Amino acid sequence: MLDLKTVADRWQKEWENKKAFQVEVKDRKQKKYFLTTPYPYMNGYIHLGHLFTYIYPEVIARYKKMQGYNVLFKFGFHCTGTPIIAAANRIKEKEPKQTGILKQMGIAEKDIPKFADPQHWVDYFPKETLKDLKRMGFLIDERYTFRTTYLNPTYDAFIRWQFNKLKAKDHVKKGKHPVIWCPKDNVPVGDHDRAEGEGETPQEFLLFKHQLDDGRFVVSATLRQDTVLGITNLFVHPDIQYCEAVVDGEQWIIGEKAALALQDQGHSVKVTKHIKGKELIGKRTKEFDGSHVLILPATFVDPNVGTGLVHSVPSDSADDLIALWDLQKDEATLRKFHLNVDEVRSIKPIPVLNTPEYGDVAAEAMLKKNKVTSQQQRQLLDEIKKELYRISHYTATFNAKYKHAFSKNLEGKPVHEGKELIKKELIEKKFALPYYEPTGKVVCRCLTPCIVKVVENQWFLEYNDPTWKNEAHACLDQMKLYPEKVRKQFDYVLDWLDHWACTREYGLGTQLPWDKHWVIESLSDSTLQMAYCTIAPYLEQSKAYGYAIKTLDDAFFDFIFLGKGTAAAIEKSSGIPKHMLERMHEEFNYWYPFDFRNSAKDLVQNHLSFTLFNHTAIFPKPQWPKSYLVNGRVMVNNEKMSKSKGNFFTVRELGEKYGPDVIRLTAANAGEGIDDANFDMAFVEAAKKKLSDVIECAQTHYNKGRAQEKGIDRWLQVKINRSISEATKNLDVMLLKSAVKSAFLDMQRSLAWYTRRTKGDFHKETINRFIEVQLKLLTPFTPHVSEEAWHAIGKKNFVSLEPWPEAGFFDEGTEQAEELIEATLTDINQVLKLAKIEKPKKITLFVAEAWKHTAAETMQALLDQGERDFKKILTELLKNAELKQHAQDITKILPRVIKNGAAPHASSQRKELAAMQDAKTFIEREFSCTVEIIAADKSTEPKAKQSMPGKVAIVVA
RNA sequence: GCGAGGGUGCCGGAGUGGUCAAACGGGCUAGCUUGAGGGGCUAGUGGCUUAGUGCCUACGCGAGUUCGAUCCUCGUCCCUCGCACCA
């Protein structure tokens, strides 16, 4: 077997030497195709997951190239953001896990300390990634690749321009923002920096202030402001330490954790003393509706949740109700805290909501349904809490108590409709205020539990602006989406996006030009860089073009991208010659907008949507994105890729082991559409063999064979045309897996059948066409193999630069005839099996009577018209004198035809006879016996009557 | 919960109102290749049945629309992704 890696080496060198894929804008009238894909993050080598996404633009790029487009496949290396800095710090600290990651990648022990400097990552990985991509044979012109970060000054200038533009349009505003925060490190803690609590987010609670007689407030936290009128009492944990603090000038009693968190949420907090929960028991507080309630002891209260104080709504909280019941039964405890037993026992749930199927005291119904007996059944109670929350929120309605309590009559209204209003008014009346807490426990890598901090002076991109949203929708509307069904998701996301915190206090990135304290966050700086790419070579390799750049200010980018100002003015400030400025401007206009961008589906709700917003903000409509493709994630042998499972592969090691073409083909064949794809290692093995065969086949058969053309040759010609047509169709709609099938697997199948039919006696012209077309169709997927075979058959140019083949003629009759032969083979086999004859001496085949063909044709015509009435069809058929003679047979066949909704494929007896005659020797050879072919009407054999158009009757002996 | 997508053979996956037991790939079984190495070829791979190429059953589950549904409608169960300030 050929070594495909050597093959790849050879052609990569050739392409390089001849600069086969160097991008040039020679003729601005030439049609162009500009492909982009989100750049990989440079904290490691790229892996199979990256490759799967990148195989789309790569295959399409090569396909478009062969179609005569001037193609630019953009590639960048992502370095902004926090992960690189974080990883570098961990190397600095010699953290074993991080060191291990580098080692596993094959970085030499002695080189590892270099990675303590973030700059080293930014230097090292882009270089190596480019190698990997080239090794895979990607159609990338490296002059058009670039790194993101301030370490690349021209890119940095570009991002400043982008943000100044956004600011000028009022899309960037200052505000407050809750984030998960480490109180020790004093930084926000993203998912990747957490020791525990990935996926937890800030959640908005309300603090309820319950006033004691002495003016102090006992403060509880809740998500259920809808039940505010159902409060019957408060619960404290008798043994927990609470603190008394001056919060925004008021005396509050709250848990210690909440006191800490409040400080980070913009409140002034001064703790004055600590008190035990039991000190509060028996006191009374005044509620929102003016009622007074008792403070009672309960042990389910968790000091780490909310304020560590709970207001009790036993009608709609199972926890509260069961705790109340437990307490009411527990006379000892009541006495211990000097509570009035009768008074406590008289506390009853106050109905506030009507919950379908659960009545007006939903908590009670819920407890009974789940047979809860004690507040100690924590797990069950937690489940009930969630369930009840869900049911109340979506199905419950407010009762009469809500008629006048708020500015609008809420009686009978669903809870989810009234909740916002209640919140607003409770806050206005100073009974409540917002408070944030993580949705679950979050622990920083430094092992400190995290809180929610409300960051002040944060900069936001105002994606919630309705006018901007409309623009983004307009942009989406004019785009092609692959697959189209992702449109709904995009529409939803565009509406859902709120303002986006676009700056960070640390990380690699461009400084916010007007507020240098902040660094632009990486999802925000990557939304427009496709434009930068079009001129990247002229900025990053200015020396090659004979000038040195002085400064790039906003006027420069305004000129290049928006055509504002004059080249002459910018020549001075930038140091770039006028003609180069003009060239950049024109080339940008030539390449832009991008025609294609794709990513895995997880970027839909951020990057891909942001890109739409940013384009509409800065570019005029003609420069808006043309299409998006959204792909699934890649699995390996149907399992999620993961290092622990041992199915994690870097592109590097795959290339090393199998060579690029096998991997490219397998990746393209892994799947299409939005569902997760499957990289099948079994296919990898099969592909190795199949690809070697392609080269071998070309070498063996090209320019050999007979001169005289036969029927079966015509069949292969038709099949070749089918494959061309199908492959083209599939590539046009970005269906790679389907394209692999039509461009390769179907072709190979046709060849196999052709070989069998001709017994290897090929027609020279036909096999030549087959080989040439096969190599061209394969080129986008396996360019090295194609190139190798192309030259093996004596071609001197690159197949990569050949025009994409055009489908010639089609001939359904020929295809049908061949299908008849194939079906006949299958049927003969079945008959032989049924008749228990292993070695037949003679096979007689009866081609259906002429009238059956006529009947089939008429039936199909009627069926196509929608006719399903037995009698009508029969009458119609019998109008034909020829058919009338066979009325009895027709009445037998007809019901089945009607049931199937389709008649047998009508051909003509003459054609079927000819096709069978043509294949006679072939069938004889296949079964090693004599074959006779007879028209059914010319025979007295009873079985001959079983023949139908497209199905011969068979007698074996 | 919300939004989106999906549930088809031993597996991956086509099909999207009729000729389609289900393309294409993989796996498995049998036979052949008269000869060794995960090679090639042929046949088979839902059930039942058969002097004959047939019949029945199936596309998560239940109901409906239709002459006819894997494909449309409704209900139900299950799975995947996302729900953010993070690349």
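Keep in mind that this is a model prediction, so the values were computed, not measured.

Procedures and definitions
Residues numbered from 1 in each chain as written. Chains lettered and ligands numbered in written order. Predicted model: local features only at pLDDT ≥ 70, side-chain atom pairs only at ≥ 80, totals over all residues. Heavy atoms only, no water. Phe/Tyr/Trp six-rings, centres within 6.5 Å; stacked < 30°, edge-to-face > 60°. Helix = DSSP H or I, 4+ residues; strand = E, 2+ residues; numbered from the N terminus. Lys NZ or Arg CZ within 6 Å of the ring centre and 35° of its normal. Pairing = 2+ DSSP bridges. Polar contact = N/O pair within 3.5 Å; in protein donor to acceptor, adjacent residues only side chain to side chain. Axes fitted to C-alpha atoms, helices over the stretch in contact; angles between N-to-C directions. Contact = heavy atoms within 4.5 Å. Expected span 1.5 Å × (residues − 1). Buried < 20%, exposed > 50% of the residue type's maximum accessible area, 1.4 Å probe, protein only. Right-handed = clockwise from strand over helix to strand, strands pointing away. Parallel < 35°, antiparallel > 145°, perpendicular 65-115°, else oblique. Nonpolar A, V, L, I, M, F, W, Y, C, P; charged D, E, K, R; others polar. pLDDT = per-residue confidence, 0-100. Salt bridge = Lys/Arg side-chain N within 4 Å of Asp/Glu carboxyl O. Core = buried A, V, L, I, M, F, W, Y, C linked by side-chain atoms within 4.5 Å.

1. Some details on the packing of aromatic side chains
This model, assessed by the stated rule, comprises 53 aromatic pairs. A centroid spacing of 6.5 Å and a plane angle of 85° characterise the contact between Tyr39 and Phe146, whose relative ring orientation is edge-to-face. You can see Tyr39 sitting in the loop between strand S1 (32-36) and helix H2 (48-66) and its partner Phe146 sitting in strand S4 (residues 145-147), a full 107 residues away along the chain. Centroid distance Phe52 to Tyr56: 5.8 Å. Interplanar angle 80°. Geometry classified as edge-to-face. Of this pair, Phe52 and Tyr56 both sit in helix H2, 4 residues apart, which is roughly one turn of that helix. The ring of Trp15 has Arg62 lying over it, and the distance from NZ or CZ to the ring centre is 4.9 Å. Cation over ring: Arg652 sits above Tyr45, and NZ or CZ is 4.0 Å from the ring centre.

2. Looking at the sheet that holds strand S5 (residues 172-182)
Judged by pairing direction, the sheet is antiparallel, and its 4 strands sit side by side in the order S6-S5-S21-S23 without closing on themselves. The outermost strands of the open sheet, each flanked by one partner alone, are strand S6 (187-188) and strand S23 (500-501). The sheet contact formed by S5 and strand S21 (residues 451-461) spans 9 bridges and is antiparallel. Its bridge partner lying in S21, Val179 is registered against Lys453.

3. As for the side chain of Glu128
In this fold, Glu128 is placed in helix H5 (residues 118-135). Within the structure, the side chain of Glu128 is placed 3.1 Å from the side chain of Lys131, a separation counted as a polar contact.

4. Structural notes on the sheet that holds strand S33 (residues 953-956)
Read across the sheet, 3 strands follow the order S32-S31-S33 without closing on themselves; strand pairing throughout is mixed. Both outer strands of the open sheet, strand S32 (930-935) and S33, are each paired with one neighbouring strand and no more. The average undirected angle you get between the axes of adjacent strands in this sheet is 20°. Note: strand S31 (residues 842-847) against S33, 4 bridges, orientation antiparallel. Its bridge partner being in S33, Leu845 is matched across the sheet by Ile954. Strands in contact with helix H35 (residues 920-927) are S31 and S32; relative to S32, the strand with the most contacts, it is inclined by about 140°.

5. As for helix H27 (residues 764-778)
A rise of 1.5 Å per residue sets the reference length of H27, with its 15 residues, at 21 Å; its end C-alpha atoms lie 21 Å apart and thus fit the reference within 8%. For H27, the tally of buried residues reaches 11 of 15 residues, placing the bulk of the element in the interior. Against the buried residues of H27 lie H2, helix H24 (681-701), helix H25 (711-732), helix H26 (736-758) and helix H28 (783-792).

6. Quick look at the pairing of strand S26 (residues 596-600)
For S26, the tally of buried residues reaches 5 of 5 residues, placing the bulk of the element in the interior. Both S1 and S26 contribute to a ladder of 2 bridges, which runs parallel. Residue pairing across strands places Thr36 opposite Arg597, the latter belonging to S26. Regarding topology, helix H21 (residues 604-618) serves as the crossover connection from S26 to the parallel strand S27 (residues 627-631), and that connection is right-handed.

7. Observations concerning the packing of H26 against H35
Across the interface, H26 lies against H35 with an axial gap of 9 Å and an inter-helix angle of 90°. If you check the angle between H26 and H35, you find them roughly perpendicular. On the side of H26, the interface is formed by Trp753, Arg756, Arg757 and Thr758, while H35 contributes Phe922, Arg925 and Glu926. Here the contact of H26 with H35 is built from residues that sort into 2 nonpolar, 1 polar and 4 charged.

8. Structural notes on the environment of Ala935
For Ala935, the location among the structural elements is in strand S32. The exposure class assigned to Ala935 is buried, which follows from its relative accessible area of 8%. Residues Ala935 and Leu845, 90 residues apart in the sequence, show an inter-C-alpha distance of 8.3 Å. Contacts of Ala935, omitting those with residues within four sequence positions, involve Val847, Gln909 and Leu913.

9. Some words on the confidence of the model for chain A
Taken as a whole, chain A shows an average pLDDT of 89; of its residues, 99% reach a score of 70 or greater. Looking over chain A, one finds the lowest element-wise mean pLDDT in strand S7 (residues 194-196), namely 71, and the highest in strand S2 (residues 70-73), namely 97. Quick note on the complex model: pTM equals 0.82, ipTM equals 0.91.

10. Some remarks on the pattern of salt bridges
A pair can form between side chains of opposite charge whenever their charged atoms are brought close. Under the defined criterion, the tally for this structure stands at 57 salt bridges. Arg664 is the salt-bridge partner of Glu58, the closest N and O atoms lying 2.8 Å from each other. Pair noted here: Glu58 is in helix H2 and Arg664 is in helix H23 (residues 660-668), with a separation of 606 residues, a long-range link. Like Arg664, Glu58 is buried. Residue Arg583 pairs with Glu587 through a salt bridge whose shortest N-O separation is 3.3 Å.

11. Concerning the nonpolar core
In terms of nonpolar packing, the biggest core is built from 129 residues, with Leu845 and Ile923 touching the most fellow members. Per-element tally for this core: the top contributor is H2, with 11 residues. The residues contacting Ile923, other than those within four sequence positions of it, are Leu825, Ile828, Leu845, Met916 and Val931. Ranked by size, the runner-up nonpolar core spans 75 residues in total, among them Phe158, Leu461, Ala617 and Ile618.

12. Quick notes on the side chain of Asp595
Mapped onto the elements of the fold, Asp595 is located in the loop between helix H20 (578-591) and S26. On the basis of relative accessibility, which here comes to 15%, the residue Asp595 falls in the buried class. Side-chain polar atoms of Asp595 contact the side chain of Lys32, separated by 2.8 Å.

13. Some thoughts on the environment of Lys423
Relative to the helices and strands, Lys423 resides in helix H13 (residues 415-428). A relative accessible area of 16% means that Lys423 is categorised as buried. As for Lys423 and Arg160, which are separated by 263 residues in sequence, their C-alpha atoms are 40 Å apart. The contacts of Lys423, once residues within four sequence positions are left out, are Glu204, Leu206 and Gln225.

14. Considering the pairing of S27
Burial within S27 is extensive, with 5 of its 5 residues counted as buried. Side chains Ser627, Leu629 and Asn631 project from S27 onto one buried face, and the interleaved Tyr628 and Val630 project onto a second face that is buried too. Here strand S22 (residues 480-482) pairs with S27 via 3 bridges, running parallel. Each bridged residue has a counterpart across the sheet, and for Leu481 the counterpart in S27 is Tyr628. Pairing between S26 and S27: 4 bridges, direction parallel. The partner of Ala600 across the bridge, within S27, is Asn631.

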